[in-house]
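Here is how the chains run, residue by residue.
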Amino acid sequence: PWHKNAMEPVSFAKSLSKALRRGCCGAPAAAWGPTILPIVASLPVSPSDDNQTKKKDEKESQPLPLLVVSSLWEGRKSAAGMADALSIVSAVAECVTYLMLRRPKKQQDSS
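Residues numbered from 1 in each chain as written. Predicted model: local features only at pLDDT ≥ 70, side-chain atom pairs only at ≥ 80, totals over all residues. Heavy atoms only, no water.

A word on the nonpolar core. Residues L20, W32, I36, V40, V68 and L72 are the most contacted members of the largest nonpolar core, which totals 19 residues. Put simply, the parts of the chain that give this core at least two residues each are α1 (9-21), α2 (29-32), α3 (36-42), α4 (64-75) and α5 (82-102). Other than its neighbours up to four places away in sequence, I36 contacts L20, L72 and C95. (Core = buried A, V, L, I, M, F, W, Y, C linked by side-chain atoms within 4.5 Å. Buried < 20%, exposed > 50% of the residue type's maximum accessible area, 1.4 Å probe, protein only. Helix = DSSP H or I, 4+ residues; strand = E, 2+ residues; numbered from the N terminus. Contact = heavy atoms within 4.5 Å.)

Between two packed helices, what matters for the description is the angle formed by their axes and the separation of those axes. Orientation of α4 relative to α5, taken along the N-to-C sense of each, is 155°, at an axis distance of 9 Å. If you check the angle between α4 and α5, you find them roughly antiparallel. Once α4 is placed against α5, the crossing between them reads as left-handed. Contacts from P65, V69, L72, W73 and G75 of α4 reach α5 at I88, V89, A91, V92, C95, V96, L99 and R102. (Axes fitted to C-alpha atoms, helices over the stretch in contact; angles between N-to-C directions. Parallel < 35°, antiparallel > 145°, perpendicular 65-115°, else oblique. Left-handed = near helix turned anticlockwise from the far one by under 90°.)

Working definition: an aromatic ring pair is given by the centre-to-centre distance plus the angle between the planes. Tallying each qualifying case throughout the model produces zero aromatic pairs. Residue placement shows R76 over the ring face of W73; its charged tip is 3.8 Å from the ring centre. (Phe/Tyr/Trp six-rings, centres within 6.5 Å; stacked < 30°, edge-to-face > 60°. Lys NZ or Arg CZ within 6 Å of the ring centre and 35° of its normal.)

Relative to the helices and strands, L20 resides in helix α1. By relative accessible area, L20 is classed as buried at 0%. C-alpha of L20 to C-alpha of V68: the two residues are 48 residues apart in sequence and 7.8 Å apart in space.

Here the protein chain averages 80 in pLDDT, while 75% of its residues score no lower than 70. Across the protein chain, the secondary-structure element scoring lowest on mean pLDDT is α1, at 87, and the one scoring highest is α5, at 93. (pLDDT = per-residue confidence, 0-100.)

Taken as a whole, the largest pocket encloses approximately 210 Å³ of empty space. Around the largest pocket sit V45, P63, P65, L66, V69, V96, L99, R102, R103 and P104, which together line it. For the lining of the largest pocket, the elements supplying multiple residues, two or more each, are α4 and α5. Partitioned by chemical class, the residues of the lining of the largest pocket number eight nonpolar, no polar and two charged. (1 Å grid on protein atoms, 1.4 Å probe; cavity = no way out; pocket = protein on both sides within 12 Å on 5 of 7 lines; lining within 4 Å. Points joined across faces, edges and corners; volume = space filled by probe spheres on them. Nonpolar A, V, L, I, M, F, W, Y, C, P; charged D, E, K, R; others polar.)

Structural data, given as structure tokens:
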């Protein structure tokens with residue numbers, strides 16, 4: 001999903017995370033909350049998955065989907081009201097469920 005001419009995934013995730021931590025600046029979460037799961041699903045798991053990206057510090061080595069979801073969780077504190085907070089929690093639950101189901105299964109020892 002991330003092509004050469006597209007925005008760098010790390011920059012995109014950081015910018016999105018900044019907006020999410022602010023609760024999308026008061027925009028109704030019911031309007032933007034459902035768009036978070038497709039975005040999280042399209043992000044590479046780690047910055048090293050993208051050849052153009054170089055790890056500069058430990059925060060950048062955090063899985064990008066986790067960075068976005070944790071920022072979304074922080075953003076619930078900035079929600080305009082209870083309905084927005086509930087929409088944010090719902091979006092977090094969707095994303096976490098998806099990420100848990102997507103993670104690779106550990107191989108069991110055959111001994």
